[in-house]
Amino acid sequence: MTLVEEITSRLQTLAPEALEINDESAMHAGHSGNTGGGHFKLKITSSHFFKKSPIMRHRIIYQLLADLIPTKIHALSIHAIAPDEL
């Protein structure tokens, strides 16, 4: 299973209506401070985000991926919205 597949699998608990994960690791190869983890951009739409602040949405996602950070995921850009925000 690839890392993108692993991330996708873990985020399924949020029953996403839309999910896009872009692996941008190649654009950041060799930069200072990166100890080997990948760089990812995540866009997710889920009803689990209704009436939650952006910080709470990020915390939910980070909790699901916690053991992958920082060894497999070095950087994660998150755009998390509820369906009514489209």
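> Would you take a moment to explain the sheet that holds strand β2 (residues 38–45) for this structure?
Within a sheet, each strand pairs with its neighbour through backbone hydrogen bonds, oriented either parallel or antiparallel. Taken in spatial order, the three strands make up an open sheet running β1-β2-β3, and their pairing is mixed. Of all strands in the sheet, those with a lone pairing partner are β1 (18–23) and β3 (73–81), marking the two edges. The average angle at which neighbouring strand axes cross in this sheet is 15°, direction not considered. The sheet contacts of helix α1 (residues 3–11) involve β1, β2 and β3, and relative to β1 the element is tilted by about 155°. Those strands touched by helix α2 (residues 54–65) are β2 and β3, and its axis lies near 140° from that of β3.

> Would you mind going over the side chain of T45 with me for this structure?
By the secondary structure assignment, T45 is in strand β2. On the basis of relative accessible area, T45 is assigned to the buried category, the value being 7%. Residue contacts for T45: discarding those within four places in its chain leaves P16, E17, A18, I81, A82, P83 and L86.

Definitions and limits used
Residues numbered from 1 in each chain as written. Predicted model: local features only at pLDDT ≥ 70, side-chain atom pairs only at ≥ 80, totals over all residues. Heavy atoms only, no water. Pairing = 2+ DSSP bridges. Helix = DSSP H or I, 4+ residues; strand = E, 2+ residues; numbered from the N terminus. Axes fitted to C-alpha atoms, helices over the stretch in contact; angles between N-to-C directions. Contact = heavy atoms within 4.5 Å. Buried < 20%, exposed > 50% of the residue type's maximum accessible area, 1.4 Å probe, protein only.

It is worth stressing that arrangement in space is one thing and function is another; only the former is reported here.
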